[in-house]
Amino acid sequence: MAKEIFAKVEQIIEEIEKAAPNDKDAVEQFRIKYLGTKNILKPLMGEIRNIPNEQKKDFGQLMNKARQAAESKFEQLQSSLDSAAEAAGAGDLDLTAPGDPIPLGSRHPIATTMNRIISIFEKMGFAIASEREIEDDWHNFTAMNTPEDHPARDMQDTYYLKDSTEMLLRTHTSSVQARMMEHNQPPIRIIAPGRVYRNETISARSHCQFHQVEGLYVDENVSFADLRQTLMYFAKEMYGADVNIRLRPSFFPFTEPSAEMDVSCFICDAKGCNVCKYTGWVEVLGCGMVDPKVLENCGIDSEKYTGFAFGMGIERQAMMLYGINDIRLLFENDVRFLKQFTSAI
Ligand code: DAH
């Protein structure tokens with residue numbers, strides 16, 4: 001009797017091992033038959049009472065073996081079903097289909113404009129000087145020959161640091177001129193791109209932060225003709241070989257003589273449009289010969305050396321180049337705006 005029961009279990013194990021259901025339904029049938037609540041091993045367990053005591057342990061082990069065989073077979077069947085499903089899916093893949101597009105980032109129009117200006121002056125041998133945005137009164141104003149009572153120092157124009165009359169956010173990149181000259185002797189030939197701050201009401205045309213590029217060249221025998229030639233080369237590289245420039249007399253505390261440079265309107269070829277306000281000219285920068293007092297303030301011998309300097313705002317140029325009509329767009333970082341510059345380099 002015991003022998004027969006043992007044989008029956010052995011037979012079931014053999015069946016399990018040989019079983020090869022090959023679809024989902026057949027695998028489910030296998031599960032029900034060997035592992036379901038009414039599986040065929042269950043009634044055999046009841047037979048244990050017909051097994052002599054000394055064989056009960058062996059019988060228990062054999063039953064375990066059967067259950068484990070069913071479990072591992074079922075796992076194996078299931079995983080081969082899964083990989084068959086995957087393989088079937090792969091059959092549907094179109095390996096020749098184009099890939100998903102990778103969204104390209106874009107450079108900010110200020111960075112693009114700035115980089116363009118930088119690379120033009122680099123070709124002429126100007127080095128790049130980066131300096132601090134938090135400045136002291138000396139480098140921003142006094143060394144630059146801006147008198148104590150100059151309106152630009154007024155609290156309304158300058159952001160002073162809390163409780164300070166000394167430390168401020170630089171109002172122009174001209175402060176870098178002072179920093180460069182106090183630590184270096186001529187020849188000095190630098191451009192200083194960077195951010196500047198002024199206490200202005202924010203509107204479509206002005207902002208409390210913007211960018212400038214400053215230029216400074218100090219050496220023996222630097223003349224106004226050198227300044228004019230440098231700016232002419234810059235204008236032609238920046239706006240096109242056909243543009244003209246004109247220099248209008250102006251005033252800045254740090255240059256003498258001083259001028260403002262206009263370029264013939266590159267939007268309308270000087271025919272007249274709303275960018276140049278129908279004058280044919282657009283104002284681009286301020287410039288002049290470095291005032292000897294500025295050279296002396298910074299420890300440079302003004303008998304031996306002369307220099308020229310210029311400074312330009314970047315936002316206005318970027319706005320003209322890209323047809324942007326509100327300066328605030330340049331500081332909001334709205335992706336819908338920035339996305340339009342994806343192809344700009
Ligand atoms: N610092 C002037 C400004 O912020 C711009 C400027 C004018 C810079 C003339 C110069 C210069 O170096 O020579 O408006």
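Residues numbered from 1 in each chain as written. Predicted model: local features only at pLDDT ≥ 70, side-chain atom pairs only at ≥ 80, totals over all residues. Heavy atoms only, no water.

Novice: I would appreciate a short explanation of the state of the cysteines in the present structure.
Specialist: Cysteine pairs can be covalently joined through their sulfur atoms, and such a bond is termed a disulfide. What the rule picks out here adds up to zero disulfides. A disulfide-free cysteine, C287 has its sulfur positioned 19 Å from the sulfur of C298, the nearest such atom. (Disulfide = S-S within 2.5 Å.)

Novice: Where do I start with the site of the ligand in this structure?
Specialist: What surrounds the ligand is a group of 15 residues, the closest being H172, S174, R198, Q212 and E214. Note that a nitrogen atom of the ligand is positioned 3.0 Å from one of the side-chain N or O atoms of S174. Within the contact set of the ligand, an oxygen atom lies 2.9 Å away from a side-chain nitrogen or oxygen of Q212. Expressed as a share of its isolated accessible area of 360 Å², the protein-covered part of the ligand is 89%. (Near = heavy atom within 4 Å. Polar contact = N/O pair within 3.5 Å; in protein donor to acceptor, adjacent residues only side chain to side chain. Areas by Shrake-Rupley, 256 points an atom, 1.4 Å probe, with all protein chains shown as cover.)

Novice: Got a minute to help me understand the domain arrangement of the chain in this structure?
Specialist: Reports of interface size often rely on the accessible area that becomes lost once the parts have come together. Domain boundaries in the chain define domain 1 (2-90) and domain 2 (109-341). Taking the mean C-alpha position of each, domain 1 and domain 2 sit 86 Å from one another. (Domains from an automatic or database assignment.)

Novice: What's the story with the side chain of D291 in this structure? I'm lost.
Specialist: Checked against the element boundaries, D291 lands in the loop between β8 (281-290) and α9 (292-297). Despite its burial, D291 remains without a salt bridge, the nearest opposite charge being carried by K293 at 5.1 Å. (Helix = DSSP H or I, 4+ residues; strand = E, 2+ residues; numbered from the N terminus. Buried < 20%, exposed > 50% of the residue type's maximum accessible area, 1.4 Å probe, protein only. Lys, Arg positive; Asp, Glu negative; His and termini not counted. Salt bridge = Lys/Arg side-chain N within 4 Å of Asp/Glu carboxyl O.)

Novice: I tried to follow helix α2 (residues 24-35) on my own but got confused; where do I start?
Specialist: Because an α-helix completes one turn every 3.6 residues, residues spaced three or four positions apart along the sequence face the same direction. Between its first and last C-alpha atoms α2 spans 16 Å; for twelve residues at 1.5 Å apiece the expected length is 16 Å, and the two agree. Among all positions in α2, only V27, F30 and Y34 are buried. For α2, the angular spread of the buried residues around the axis is 55°, confining them to a single face. Exposed residues on α2 whose side chains face more than 90 degrees from its buried face are K24, D25 and Q29. (Expected span 1.5 Å × (residues − 1). Arc of directions from axis to C-beta.)

Novice: Would you mind going over the packing of helix α5 (residues 109-123) against helix α10 (residues 314-322) with me for this structure?
Specialist: Helix packing for two helices is described by the angle between their axes and how far apart those axes are. Remark: α5 packs on α10, axes separated minimally by 9 Å, with the N-to-C direction vectors making an angle of 100°. Our classification of the angle between α5 and α10 gives roughly perpendicular. Between α5 and α10, the residues in contact are P109, I110, T112, T113, M114, R116 and I117 and I314, E315, Q317, A318, L321 and Y322, respectively. (Axes fitted to C-alpha atoms, helices over the stretch in contact; angles between N-to-C directions. Parallel < 35°, antiparallel > 145°, perpendicular 65-115°, else oblique. Contact = heavy atoms within 4.5 Å.)

Novice: What is the right way to read the nonpolar core from this model?
Specialist: For soluble globular proteins, nonpolar side chains are generally found buried alongside one another. Formed by 47 residues in total, the largest nonpolar core has its most connected members in F121, F234, Y239, V263, L285 and F310. In terms of nonpolar packing, the next biggest core, distinct from the first, is built from 22 residues, F6, I16, L41 and A69 among them. (Core = buried A, V, L, I, M, F, W, Y, C linked by side-chain atoms within 4.5 Å.)

Novice: How do you make sense of the pattern of salt bridges when you look at a structure like this?
Specialist: Between side chains of opposite charge, a pair can form as their charged atoms come close. Evaluation of the coordinates by the stated rule reveals 16 salt bridges. Across the salt bridge formed by E15 and K33, the nearest N and O atoms sit 3.6 Å from each other. Taken as a pair, E15 in helix α1 (residues 2-18) and K33 in helix α2 lie far apart in primary sequence, 18 residues in all. Using a relative accessible area of 30% as the deciding quantity, one classes E15 as partly exposed. With relative accessibility at 39%, the residue K33 sits in the partly exposed group. Between R179 and E182 there is a salt bridge whose closest N-O contact spans 3.7 Å. Residue R179 and its partner E182 are located together in helix α7 (residues 175-183), separated by three residues, close to a single helical turn.

Novice: Can you help me understand the sheet that holds β8 in this one?
Specialist: Taken together, seven strands build an open sheet; the order of strands is β1-β4-β5-β9-β8-β7-β6 and the sheet is mixed. Both outer strands of the open sheet, β1 (127-128) and β6 (245-252), are each paired with one neighbouring strand and no more. Pairing geometry for strand β7 (residues 255-264) and β8, over eight bridges, is antiparallel. Looking across to β8, one finds that S258 is bridged to G288. Each of β1, β4 (188-197), β5 (209-219) and β9 (306-313) is contacted by α5, which is oriented at about 170° to β4, the strand it contacts most. On top of the sheet, α7 reaches β4, β5, β8 and β9; it is set at about 35° to β5, its chief contact. (Pairing = 2+ DSSP bridges.)

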